[in-house]
Amino acid sequence: AAHPARQPLPTNCVFLAINRPARMTNPEIVDHLELTARLLELHDPQDANVFRTRAFQTAAFNLDKSTADLATLPVAELTKLPGVGRGVANFIRELA
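Trainee: Explain helix α2 (residues 26–43) to me, please; I cannot follow it from the model alone.
Mentor: Spacing of three or four residues puts side chains on the same side of an α-helix, whose turn is 3.6 residues. A rise of 1.5 Å per residue sets the reference length of α2, with its 18 residues, at 26 Å; its end C-alpha atoms lie 26 Å apart and thus fit the reference within 8%. Looking only at α2, the buried set comprises Asn26, Ile29, Val30, Leu33, Thr36, Ala37 and Leu40. Along α2, the residues classed as buried sweep out an arc of 120° about the axis, all on the same side. Residues of α2 that are exposed and angled more than 90 degrees away from the buried face: Pro27, Leu39, Leu42 and His43. Contacts made by the buried residues of α2 are with α3 (49–63) and α5 (86–95).

In structure tokens, the structure reads:
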């Protein structure tokens, strides 16, 4: 079936605000860190991932109490937070 012709957007339409994804909240970021830690743990518990798993667990625990807006902080600022190393900071930047 043919798609109907698209109508032009009205000139007063705020297109960018509607289609722009919302920034992740701190609880969402912490949930992703916890999920990643669990998945790493399940993947191969005997693997060297034990240190990476611990890094994600520690960061999630510490960031759960953070009042900083994690989604907006650059990597350099994220690494200054307790329990956040460069790898986890880069992960957060990719998420948010």
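Alright, that's what it looks like, and here's the rest.
Trainee: Looking at this model, I keep getting lost on the side chain of threonine 36. Mind explaining?
Mentor: For threonine 36, the location among the structural elements is in helix α2. Setting aside residues no more than four positions away along its own chain, threonine 36 makes contact with Phe56 and Phe91.

Trainee: Hey, could you run me through the packing of α2 against α3 in this one?
Mentor: For any two helices packed against each other, the geometry comes down to the angle between their axes and how far apart the axes lie. Running from amino to carboxyl end, α2 crosses α3 at an angle of 160°, the nearest separation of the two axes being 8 Å. By the criterion of interaxial angle, the relationship of α2 to α3 is roughly antiparallel. Handedness of the crossing formed by α2 with α3: left-handed. When α2 is examined against α3, the residues Val30, Leu33, Glu34, Thr36, Ala37, Leu40, Glu41 and His43 are found in contact with a partner set consisting of Asn49, Arg52, Thr53, Phe56, Gln57, Ala59, Ala60 and Leu63.

Trainee: Got a minute to help me understand the packing of aromatic side chains in this structure?
Mentor: We describe a pair of aromatic rings using the distance from one ring centre to the other and the angle between the two ring planes. The final tally for this structure, using the stated rule, is one aromatic pair. Each ring, one from phenylalanine 56 and one from phenylalanine 91, has its centre 5.0 Å from the other, and the planes form 90°; the classification is edge-to-face. Of this pair, phenylalanine 56 sits in helix α3 while phenylalanine 91 sits in helix α5, and the two are 35 residues apart along the sequence. Accessibility assignment for this pair places phenylalanine 56 and phenylalanine 91 in one class, buried.

Reading guide: rules and limits
- Residues numbered from 1 in each chain as written.
- Predicted model: local features only at pLDDT ≥ 70, side-chain atom pairs only at ≥ 80, totals over all residues.
- Heavy atoms only, no water.
- Helix = DSSP H or I, 4+ residues; strand = E, 2+ residues; numbered from the N terminus.
- Expected span 1.5 Å × (residues − 1).
- Buried < 20%, exposed > 50% of the residue type's maximum accessible area, 1.4 Å probe, protein only.
- Arc of directions from axis to C-beta.
- Contact = heavy atoms within 4.5 Å.
- Axes fitted to C-alpha atoms, helices over the stretch in contact; angles between N-to-C directions.
- Parallel < 35°, antiparallel > 145°, perpendicular 65-115°, else oblique.
- Left-handed = near helix turned anticlockwise from the far one by under 90°.
- Phe/Tyr/Trp six-rings, centres within 6.5 Å; stacked < 30°, edge-to-face > 60°.

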